[in-house]
Structures are given as structure tokens and as C-alpha cells.
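# Examining the three-dimensional arrangement
Here is what each chain is made of, one letter per residue.
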Amino acid sequence: MNALRHSCAGFIALAIAASLFACTSSPTTPASPSGPAQARTADDAARAFLSNYVVDGRVVRKDQGSDTVSEGQAYGMLIAVSIGDENAFDSIYAWTTANLVQTDGLMAWDWKDGKIIDNEPASDADLDAARALVEAGKTFNEPDLIAKGNALGEVILDKLTVTTAAGRILLPGLWAATSEPYAYNPSYASPAAFSVLSESSGDARWQELASGSRAVTSALLTKSGLPPIGRRCTPTAPSIQCPAHAVPEQRFSTRMTRLGYRCVMRSHATQQTPR
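In this report, we go over the structure that sits alongside the text. Source: prediction; values computed, not measured.

Now for the packing of aromatic side chains. Per the counting criterion, the structure on display carries five aromatic pairs. Through a chain of ring-to-ring contacts, three or more aromatic side chains come together here, namely Phe-89, Tyr-93 and Phe-140. Of note, Lys-62 hangs over the ring of Tyr-53, and the distance from its end group to the ring centre comes to 5.6 Å.

Take a look at the structure:
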């Protein structure tokens, strides 16, 4: 069950990563003169991603000036765990710790040319990284990694979530915690990460976050058929108040496909959990 869950998680992490990286690899291997093209497996795609985009532990956005963002590092960690590549995981995590992790334990978002150029954390990256650490600890029998994942999760809960009338929600960054209406990005929430970290840490706030995120995201989708890339909203039971002046125009992006992938990941994990 764990192997199947990890394989799915890695494939979905690859799909999410596609929103940040140019996908130069084909989903099939080229046809040979003697036969048709062969479809690649999720493991093949995972290894291709690690081979094409990871340099000495740094996940490089080749199509965007060769910078590195915290989401890419977290995706790389999840992908490495999914195929059981402990060396790749250790390399990516070591680079991340040395170059992105700040004194509060959260990751700086953007790094380029040997230095951090934006030290604001992106909560989805830290959330994925915390999950990856817990999963890696279980997969590689390293309890220390589980402890580190739980510790990062606690920082996320303390600094990057707020309680509202609609429930606890995940903020996109520290900048969003200063005042209402709170900024909210539906695609940052990860039901699978909430579940993994809840089970690992026993902290009830993860279940609160899962419930609140579901309520706010569902309300936003009720207002529009597509999830907005970001809204400044004041969640008040039983509705979500999104003042017209808070966001000048409704914004959508292909990056919001992450929302669907994250929900599918949770659905798969639920189906594979023995009852």
C-alpha cells in the first residue's frame, strides 16, 4: 500500500511541478525503427525530472532564468521519496537546508546567482516539504526526518495559518497574516499533507486546517466555476465575504491546476489506507 501511495504521490508531484517548470520531456520514449514508442511509467518520469532539473541538490527552473524556488525543492523531495531514491532526497534536502531555510525554519521562496532574492516563504512549499520529510522518515527508516517534518509543520501552523469563522485557513505567506481581509490561494492547500502531518504529529490543528480549507475553497468555487489564483477574503460563517475593492479583477491561471492534483492525491491516499 505504501509503495502504491508513494508512486501516486510522486506522479502527482510531477504534474504539479509542471506548473513551475517547462516540460521538455516527452511522455513517451521515441519510437525505434523496429517498433512503436513505449509509454513511460511514473517512475520513469520521476527519474527524468530528477536527472533533467536537479543539479547538486538544487532544482533549477531552466525556463525562468535558472533560478530556484522553494516549491521546486519541495517537489523534488516528494518525487525522490516516491521512487525510494534516498541519495536524491538527501542531496535536495541538504541543499535546501544550506541555502533556503531561514532562522524560523521556513524556506525563502526564491534563490538565484548564489543568493536569496526573496526571503518571503511560500506556504505551499513549506507544507509539501514537511510532508516529504515525514514520508522520507518512514520510507528510509529515519525517525529524525519525521521529527523534522513535524517541527516544520508546527511552525507552519503557528505562523502561516489563522482561525476564522469559517475555520482555520492556510495563508500564502507571512505577509498575509498582518490584517484582514486575509489573502487565500486555494491551490496552496494540500489535503494529503494535512492528513500525513495530522497522523504523524497528532496536532488537532491539521484537521481544523483541512476542514477550514475545504469550506473556503468550496465557497470560492461556488462563486466561480474556476478557482481564482488568489483572493482577499474574510471567511464568515456561513458565507465567504470577498470585497470587490480587495481584488481589482478576478485572476485565473493554469497554475491553479494544482488544486485538482492535490485533491486527487488526497482521494487516492484515502482509498489506499487500510480500514
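What follows covers the pattern of salt bridges. Oppositely charged side chains can pair when the atoms bearing their charge come close. Using the criterion set out here, one finds seven salt bridges in the structure. Of the charged contacts in the structure, one is a salt bridge between Arg-131 and Glu-135, with a shortest N-O distance of 3.4 Å. Of this pair, Arg-131 and Glu-135 both sit in helix α5 (residues 123–139), separated by four residues, roughly a single helical turn. Pair check on accessibility: Arg-131 and Glu-135 agree, each one buried. The residue Lys-148 makes a salt bridge to Asp-144 at a minimum N-O spacing of 3.2 Å. Placement of the pair is Lys-148 and Asp-144 together in helix α6 (residues 143–159), with a separation of four residues, close to one helical turn. Assessed through its relative accessible area of 36%, Lys-148 is described here as partly exposed. Here Asp-144 falls in the partly exposed class, since its relative accessible area comes to 43%.

Once that is clear, we can look at the nonpolar core. If you look at the biggest cluster of nonpolar residues, it comprises 57 residues, and the most contacted ones within it are Leu-50, Met-77, Phe-89, Leu-127, Ile-156 and Trp-206. A total of eight residues in this core trace back to one element, the largest contributor, which is α5. Trp-206 has contacts with Leu-127, Gly-153, Ile-156, Leu-157, Phe-194, Leu-197, Ser-198 and Ser-201, leaving out every residue within four places of it along the chain.

Let us now look at the packing of helix α3 (residues 70–82) against helix α4 (residues 86–99). When two helices pack together, their arrangement is given by the angle between the helix axes and the distance between those axes. Across the interface, α3 lies against α4 with an axial gap of 8 Å and an inter-helix angle of 160°. Considering the angle they form, α3 stands roughly antiparallel to α4. Viewed along their axes, α3 and α4 form a crossing whose handedness is left-handed. Contact residues: Gln-73, Gly-76, Met-77, Ala-80 and Val-81 in α3; Ala-88, Phe-89, Ile-92, Tyr-93, Trp-95 and Thr-96 in α4.

Where strand β8 (residues 161–164) and strand β9 (residues 167–170) come together, four bridges link them in antiparallel fashion. Its bridge partner lying in β9, Val-162 is registered against Ile-169. Hairpin connection from β8 to β9: two residues lie between these consecutive antiparallel strands.

This part is about the sheet that holds strand β5 (residues 68–69). Strand order across the open sheet formed by three strands is β5-β6-β7, with antiparallel pairing between neighbours. Because the sheet does not close on itself, it has two edges, and the strands there are β5 and β7 (115–118). In this structure, strand β6 (residues 110–112) lies alongside β7, joined through three bridges in antiparallel fashion. Its bridge partner lying in β7, Asp-110 is registered against Asp-118.

This brings us to unusual backbone geometry. Of note in this structure, Asp-56 is not a glycine but carries a positive phi near 55°. Checked against the element boundaries, Asp-56 lands in the loop between β3 (54–55) and β4 (58–59). Given the relative accessible area of 69%, Asp-56 is considered exposed. Residue Ser-66 is not a glycine yet carries a positive backbone phi of 60°. Following the sequence through the fold, Ser-66 ends up in the loop between β4 and β5.

Cut-offs applied
- Residues numbered from 1 in each chain as written.
- Predicted model: local features only at pLDDT ≥ 70, side-chain atom pairs only at ≥ 80, totals over all residues.
- Heavy atoms only, no water.
- Phe/Tyr/Trp six-rings, centres within 6.5 Å; stacked < 30°, edge-to-face > 60°.
- Lys NZ or Arg CZ within 6 Å of the ring centre and 35° of its normal.
- Salt bridge = Lys/Arg side-chain N within 4 Å of Asp/Glu carboxyl O.
- Helix = DSSP H or I, 4+ residues; strand = E, 2+ residues; numbered from the N terminus.
- Buried < 20%, exposed > 50% of the residue type's maximum accessible area, 1.4 Å probe, protein only.
- Core = buried A, V, L, I, M, F, W, Y, C linked by side-chain atoms within 4.5 Å.
- Contact = heavy atoms within 4.5 Å.
- Axes fitted to C-alpha atoms, helices over the stretch in contact; angles between N-to-C directions.
- Parallel < 35°, antiparallel > 145°, perpendicular 65-115°, else oblique.
- Left-handed = near helix turned anticlockwise from the far one by under 90°.
- Pairing = 2+ DSSP bridges.

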